[in-house]
Amino acid sequence: MIRADHEMIAQGVALDSRVLDLGCDDGQLMAHLQRTRRASGYGIEIVPERVVAAIRHGVHVLQVNLEEGLSGFVDDSFDTVILSQTLQAMRHTEDILREMLRVGKEGIVTFPNFGYWRHRWQVLAGVMPKSADMPYEWYDTPNVHLCTLRDFEALCVRIGAQVIERRVMGASGRTVELLPNLLGSLAYYRIRARG
Amino acid sequence: MVDPREPAGSVGTVFPQVLHFSEPLPLSNGTVLGPYQLVYETYGTLNASKSNAILICHALSGTHHVAGHYAEDPRSVGWWDNMVGPGKPVDTRRFFVIGVNNLGGCHGSTGPASLDPVTASPHGARFPFLTVEDWVHAQARLADRLGIHVFAAVMGGSLGGMQALQWTLTFPERVRHALIIAAAPCLSAQNIGFNEVARQAITSDPHFHGGDYYAHGVIPERGLRLARMLGHITYLSDDAMMTKFGRELLGGTPHFSLDVEFEIESYLRYQGKKFSERFDANTYLIMTKALDYFDPARRTGGNLSRALSVAQAQFLVVSFTTDWRFSPARSREIVKGLLDNRISVTYAEIDSNQGHDAFLMENSDYFAVMRAYLERIARECCS
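Residues numbered from 1 in each chain as written. Chains lettered and ligands numbered in written order. Predicted model: local features only at pLDDT ≥ 70, side-chain atom pairs only at ≥ 80, totals over all residues. Heavy atoms only, no water.

A. The environment of Tyr267 of chain B, seen in detail. Residues and elements named next belong to chain B. Here Tyr267 shows up in helix H6 (residues 263-278). Take Tyr267: its relative accessible area is 15%, and that puts it in the buried class. The spacing of Tyr267 and Lys336 is 69 residues in sequence and 38 Å in space, taken between C-alpha atoms. Those residues in contact with Tyr267, other than ones at most four positions away along the chain, are His232, Leu236, Lys244 and Phe245. (Helix = DSSP H or I, 4+ residues; strand = E, 2+ residues; numbered from the N terminus. Buried < 20%, exposed > 50% of the residue type's maximum accessible area, 1.4 Å probe, protein only. Contact = heavy atoms within 4.5 Å.)

Here it is in structure tokens:
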């Protein structure tokens with residue numbers, strides 16, 4: 001079963017691309033890209049069980065801490081660098097985005113939209129929001145830097161990233177065109193360094 | 001076949017085999033060695049396409065006896081028995097596994113204690129210093145004789161990992177996967193310093209006789225003990241040592257003497273003694289020098305990435321957090337060199353408090369990584 005956001009990411013990856021998947025989890029996305037896009041490259045993951053799962057999925061995975069940057073990689077060594085639902089759990093948000101644009105020609109970033117109406121509604125109701133894309137209780141969430149579409153786009157401007165493509169999905173997995181910052185639960189951005 | 005009486009996962013009773021090589025082997029030092037013999041063991045069955053062979057390279061004090069035990073002694077368990085066997089990470093139901101004692105060794109392959117056919121006395125100090133590359137060439141000849149052109153994997157820990165790395169550079173087309181565990185792209189000055197103290201301990205022993213102690217009917221036992229004691233300190237982490245031995249006085253109060261008073265003293269003396277009874281001092285010198293010389297980047301002006309550019313294998317690199325002899329940073333140098341060449345590499349940094357010795361110990365994260373990676377090799381190579 002291919003996750004809807006994985007399929008969306010795959011569509012943004014050209015055939016035969018060199019790909020780096022930051023926070024590759026169990027490697028399913030990378031394996032999917034290897035299979036369907038003939039992609040090559042690496043996943044990066046820090047959690048031991050996920051490293052093992054990624055190996056099982058036939059992914060070459062590097063157990064290094066993303067928070068320490070991507071100093072192991074030279075500039076422009078990948079066509080696409082992916083940060084799939086990992087941004088919100090990073091401490092050094094700005095640094096990792098800059099690093100992505102340094103080592104890759106393009107970056108793909110997906111994250112749960114904090115501005116999604118159900119999240120807003122829960123905050124209005126006086127509780128921390130939970131949803132399919134943000135399933136954690138406030139006291140055990142790995143997420144430290146949640147943001148909305150507008151927040152993310154402001155950061156892109158700040159770090160000199162250009163948005164090539166934005167797609168927003170609703171809870172049903174369908175693309176949202178109308179009022180995306182309100183109706184979208186998951187954001188997908190393809191970015192590159194402003195040349 | 002696995003004997004049902006054997007403990008689960010053991011390759012069971014094994015026996016060493018010997019191959020003689022009449023054609024002299026050209027060595028890095030400009031001389032040739034030969035004729036010579038190599039002693040080795042094999043586990044599992046070579047498949048029809050000869051695609052399922054794994055070569056296991058041993059470290060400083062290892063041997064060809066990797067797994068199983070000898071018929072005459074059930075306690076003679078191989079040094080990597082936890083890793084190799086039916087159902088173990090290196091699954092002998094799928095792979096044909098070779099362990100070989102390196103040249104210069106003291107467990108059956110031609111070494112300094114072997115008789116020189118010309119003089120009919122041990123080679124002693126005349127035995128040449130060897131390099132990791134020399135060993136790889138000798139291992140390749142063994143592979144040729146066994147009919148193996150391409151290894152599914154070449155693997156090893158520490159100095160064994162360096163041999164696996166060298167294989168991918170000397171014979172790039174003969175290795176599909178290299179598994180390099182707790183190794184380094186070369187020794188640091190500190191590493192060489194430790195080796196030099198160990199060598200001085202041996203060569204300054206009055207029983208060393210310039211390396212020709214065999215003729216005198218003695219061995220530089222004290223030197224060898226000291227060398228091993230020093231080695232053991234560097235194989236363990238500070239934490240592991242403290243946890244294992246603590247600093248309790250055996251007698252409860254200080255003796256104000258040179259007796260063994262702390263557990264660690266007793267342990268090191270025991271390890272030193274045991275080692276001096278089974279290991280040849282000249283072999284120790286040769287092995288430590290081979291470690292010191294290992295530096296594939298020497299030929300490329302110190303540029304490791306350029307040195308690794310010829311490799312065609314896929315790599316698994318594994319390090320252990322508390323290994324200070326070959327720290328994770330050293331393994332990451334290898335990984336960096338491979339990444340620079342866009343070579344397929346998986347890197348695992350295993351959380352362990354066991355220091356350098358961790359590569360020999362069962363650890364669930366470590367073994368899960370090895371198992372997963374080797375299953376992948378099996379799917380790829382063992383059809």
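B. Layout of the pattern of salt bridges. All names here are of chain A. The final tally for this structure, using the stated rule, is 29 salt bridges over all chains. Of the charged contacts in the structure, one is a salt bridge between Asp16 and Arg38, with a shortest N-O distance of 2.8 Å. Of this pair, Asp16 sits in the loop between helix H1 (4-11) and strand E1 (18-22) while Arg38 sits in the loop between helix H2 (28-36) and strand E2 (40-44), and the two are 22 residues apart along the sequence. The partner of Arg190 in a salt bridge is Glu106, with the nearest N and O atoms 2.7 Å apart. In this pair, Arg190 sits in strand E7 (residues 186-193) while Glu106 sits in strand E5 (residues 104-112), placing the two residues 84 residues apart along the sequence. (Salt bridge = Lys/Arg side-chain N within 4 Å of Asp/Glu carboxyl O.)

C. A look at the packing of aromatic side chains. Residues and elements named next belong to chain A. In this structure the tally under the stated criterion is 22 aromatic pairs over all chains. Ring geometry for Phe111 against Phe152: centres 4.9 Å apart, planes inclined by 45 degrees, an arrangement best described as tilted. One end of the pair, Phe111, is in strand E5; the other, Phe152, is in helix H6 (residues 149-159), with 41 residues separating them in the sequence. Feature note: the residues Tyr42, Phe73 and Phe78 constitute an aromatic cluster, connected by ring pairs. (Phe/Tyr/Trp six-rings, centres within 6.5 Å; stacked < 30°, edge-to-face > 60°.)

D. Up close: the interface of chain B and chain A. Taken together, the contact pairs 24 residues of chain B with 21 residues of chain A. Together chain B and chain A conceal approximately 1,800 Å² of surface at their shared face, both sides included; 54% is due to carbon and sulfur atoms. Per-residue buried area on chain B facing chain A is highest for Leu339, Arg342 and Arg376 of chain B; these three make up 32% of the total on that side. Here chain B and chain A share 1 salt bridge between them. With its nearest N and O atoms 2.7 Å apart, the salt bridge here joins Arg56 of chain A to Glu375 of chain B. Taken together, the elements giving at least two residues each to the side of chain B that touches chain A come down to strand E13 (314-320), helix H9 (328-340), strand E14 (345-350) and helix H10 (364-381) of chain B. (Buried area = accessible area lost by both parts, 1.4 Å probe.)

E. Examining the side chain of Thr148 of chain A more closely. Residues and elements named next belong to chain A. Here Thr148 is to be found in the loop between helix H5 (117-124) and H6. For Thr148, a relative accessible area of 15% corresponds to the buried category. Discounting residues that sit within four places of it in the chain, Thr148 has contacts with Phe111, Asn113, Phe114, Gly115 and Asn181.

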